[in-house]
Amino acid sequence: MVSQYIYYIIGGYFLLAGFLGVGMYLIWITLRFRIKFYDLEALYGKTGARIICIILGLLIIAIGYIYNSVS
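Criteria and thresholds
Along each chain, numbering runs from 1 in the same order as the chain's sequence is written. In keeping with the model being predicted, local features are shown solely for residues with a pLDDT of at least 70 and side-chain atom pairs are shown and tallied solely at 80 or more, while totals for entire chains, interfaces and linings include all residues. Side-chain calculation: all heavy atoms of the structure are included, whereas hydrogens and water are not. Each reported salt bridge corresponds to a side-chain nitrogen of Lys or Arg within 4 Å of a carboxyl oxygen of Asp or Glu. A run of H or I in DSSP counts as a helix once it spans at least four residues, and a run of E counts as a strand once it spans at least two, with each numbered from the N terminus. By this rule, a helix spans an expected 1.5 Å times one less than how many residues it contains. For the exposure calls, accessible area comes from a 1.4 Å probe over protein chains only, and a residue counts as buried if that area is under 20% of its type's maximum, exposed if over 50%, partly exposed in between. Note: the arc covers the axis-to-C-beta directions of the helix. In this description, contact between two residues means that some pair of their heavy atoms is separated by no more than 4.5 Å.

Novice: Explain the pattern of salt bridges residue by residue, including any values.
Specialist: Per the counting criterion, the structure on display carries one salt bridge. Among the salt bridges present, the one from Lys 46 reaches Glu 41, with a minimum N-O distance of 3.9 Å.

Written as structure tokens, this is what we have:
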């Protein structure tokens, strides 16, 4: 039950970041438990980062919905 809200919060964050164009960062935890921060705007430009954030947000919400409806 709580995991459903976590998916919605993370997906909503990426959707808002994509629509507003601010805070477009990706936090990546590697297999050796190192934490890396990627600035998507510096990597892909403003328009590319906004598109990636919107698609990522929609995917996270869809995966959370599918995961919680199956279990």
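Novice: Which residues make up the environment of Ala 62, and what values go with them?
Specialist: Checked against the element boundaries, Ala 62 lands in helix 2 (residues 40–70). Distance from Ala 62 to Trp 28, taken between C-alpha atoms, is 20 Å for residues 34 residues apart in sequence.

Novice: Which residues make up helix 1 (residues 2–20), and what values go with them?
Specialist: With 19 residues, helix 1 extends 27 Å between its outermost C-alpha atoms, agreeing within 8% with the 27 Å of an ideal straight helix rising 1.5 Å per residue. Of all the positions in helix 1, only Gly 11, Phe 14, Leu 15, Ala 17 and Gly 18 are classed as buried. Each buried residue of helix 1 lies within a common arc of 165° when the element is viewed along its axis, so the set occupies one face. Exposed residues lying more than 90 degrees from the buried face of helix 1 are Val 2, Ile 9, Leu 16, Phe 19 and Leu 20. Considering only its buried residues, helix 1 is in contact with strand 1 (25–29) and helix 2.

Nothing here speaks to function; it is all geometry.
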